[in-house]
Amino acid sequence: MGAKRKNILTIIITFVIISLLMALIVLTGRMPLNDEDTVGNTAGNLNNKGYFCEQDGRVYFANAYDNYSLYSMNSDETDVKKLHGGSTSYINAGGDYIYYVTTSVETNDNGSFRGAYGIYRSKLNGKNVTGLDRCYVAGMQLCGNYLYYSKIDTKTSMSLEKIRIDKKDKQTINPNALINPNCYVNGRIYYNGTEQDHYLYALNTANDSTSVVWEGNIWNPVYDGNFVYYMDVENDYRLCRYSMYDNIVEVLTNERIDTFNVYESYIYYQTNSRTAPALKRMYIDGSSQEVVREGIYENINITSQYVYFNAFGEPTPVYRTSTYGGVNVTSFEAGMQAALKELQ
């Protein structure tokens, strides 16, 4: 083989090797996409600010004992780890990533303040943090490969946005309405109207079209099983459920409520009473109502083992009780001890 042919062959082989290496770099750097039916968190948790999110036995949570910094732990509250600082909410998990909203404020060297707010993505271990959108958010759900979020520009300017998890294909879905995207089931986001009515609507994420499901008067719908659980606006915010199968409404409690969360067989809810407010729970059919703790509480977040909540307007202590077992309210010691360890 002549020298010229050898040189040409060497150049071709080198080109092929470089091309393969470049292709490998692109492929390994490409973010894997989720299954289309991936849901980032439960609607009930997200309606309560999404401070806790569970995936595959691991709980990702905003630790109120550490200014709501992002932590993770096993569902039994062992192996608690801090992932990073910054006030965190609306936590979602899907695949190898977690998605969350940060609203912290940091101090520059000159003493001035700068905001570190917006939507972020990181690996499950907290590494490889990527900013997706710099904005204030009032609700966010991971729907397959897109994050749908309610964006707040000003007190009077709100919109529904979406962005793909790889930070591509950012779109405005509705530029003029506050739409709660937290309830995502089978390719549709279910939400209550906020402009002309409080009907139950569905947004089809395949084409982002909307339709009226039921002309009720509802707030904060949670679709679970064949039922939509909601606060009945017309009747002093009592808790009801609407059957998607036979269009029947059931009143679960006539008490006025402030917030609620549905998890498998239980509903946990905060009653609004001038004389005897309390956090209560009942079965999803409204039976076996019982008091969890007297007083006014908020941010009811539920995992497979525990229900977490705090007194209204008081971030700490964080309380918890067993999701399924007998009521036994104690403080969230694992979160507090982990935060104290970080300060040492």
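Residues numbered from 1 in each chain as written. Predicted model: local features only at pLDDT ≥ 70, side-chain atom pairs only at ≥ 80, totals over all residues. Heavy atoms only, no water.

## Comments concerning the packing of aromatic side chains
Two aromatic rings are characterised by how far apart their centres lie and by the angle between their planes. The line we're drawing: What counts as a ring pair is set by centres within 6.5 Å for rings of Phe, Tyr and Trp (its six-membered ring), and what kind of pair is set by the plane angle: stacked under 30 degrees, edge-to-face over 60, tilted for all other angles. Only protein chains enter the accessibility calculation, which uses a 1.4 Å probe; a residue whose area is less than 20% of its type maximum is buried, one above 50% is exposed, and one in between is partly exposed. A run of H or I in DSSP counts as a helix once it spans at least four residues, and a run of E counts as a strand once it spans at least two, with each numbered from the N terminus. Remark: a charge is flagged as sitting over a ring if the NZ atom of Lys or the CZ atom of Arg is within 6 Å of the ring centre and within 35 degrees of the ring normal.
Considering all chains together, one arrives at 23 aromatic pairs under this definition. Pairing tyrosine 266 with tyrosine 268 gives two aromatic rings, centres 6.0 Å apart and planes at 50°, and the pair type is tilted. Grouping residues by exposure puts tyrosine 266 and tyrosine 268 together as buried. Taking 6.4 Å as the distance between ring centres and 50° as the angle between the ring planes, the aromatic pair formed by tyrosine 266 and tyrosine 324 counts as tilted. Residue tyrosine 266 is located in strand β22 (residues 266-271), and its partner tyrosine 324 is located in the loop between β27 (318-322) and β28 (330-331); the two are separated by 58 residues in the primary sequence. Here the aromatic cluster, defined as three or more aromatic residues joined through ring pairs, consists of Phe52, Phe61, Tyr71, Tyr306, Tyr308 and Phe332. The ring of phenylalanine 227 has arginine 241 sitting right over it, with the charged end atom 3.7 Å from the ring centre.

## Re helix α3 (residues 333-343)
To keep it simple, the criterion reads: Summarising the geometry, the arc corresponds to the directions from the helix axis toward the C-beta atoms. The contact criterion used is simple: two residues touch if any of their non-hydrogen atoms lie within 4.5 Å.
By the burial criterion, the buried members of α3 are Ala334, Gly335, Ala338 and Ala339. When α3 is viewed along its axis, its buried side chains cluster within an angular range of 130° and face the same direction. Exposed positions of α3 whose direction lies more than 90 degrees from the buried face are Lys341 and Leu343. Residues of α3 that are buried sit in contact with β2 (58-63) and β3 (69-74).

## So, the sheet that holds β22
Selection criterion: We call two strands paired when DSSP finds no fewer than two bridges between them. Axes, fitted as lines to C-alpha atoms, cover a helix only where it is in contact. Angles between the N-to-C directions of the axes lie from 0 to 180 degrees.
The strand order across the open sheet built from four strands is β21-β22-β23-β24, with neighbouring strands paired in antiparallel fashion. The open sheet terminates on both sides in strands that have one partner only, identified here as β21 (257-263) and β24 (290-294). Adjacent strand axes in the sheet meet at a mean angle of 20°, parallel and antiparallel pairs treated alike. Where strand β23 (residues 278-283) and β24 come together, four bridges link them in antiparallel fashion. Counterpart to leucine 279 in the pairing with β24 is arginine 293.

## What to know about the pairing of strand β9 (residues 136-143)
With respect to burial, β9 is a largely interior element, six of its eight residues being buried. The pairing of β9 with strand β10 (residues 146-152) spans six bridges and is classified as antiparallel. Considered in β10, the bridge of cysteine 143 is made with tyrosine 146. Once β9 ends, the chain turns through two residues before running back antiparallel as β10, passing glycine 144 with a positive phi of about 70°.

## Digging into the side chain of threonine 323
Within the secondary structure, threonine 323 sits in the loop between β27 and β28. The contact partners of threonine 323, leaving out residues within four places of it in the chain, are Tyr263, Tyr266, Tyr268, Arg281, Ile302, Thr303, Ser304, Gln305, Tyr306 and Val307.

## Some remarks on the sheet that holds β27
Reading across the sheet, the four strands line up as β25-β26-β27-β28 and stay open at both edges, with antiparallel pairing between neighbours. Taken across any chain shown, the strands that pair with only one partner, and hence form the sheet edges, are β25 (297-302) and β28. Pairing geometry for β27 and β28, over two bridges, is antiparallel. What sits directly across from tyrosine 319, in β28, is serine 331.

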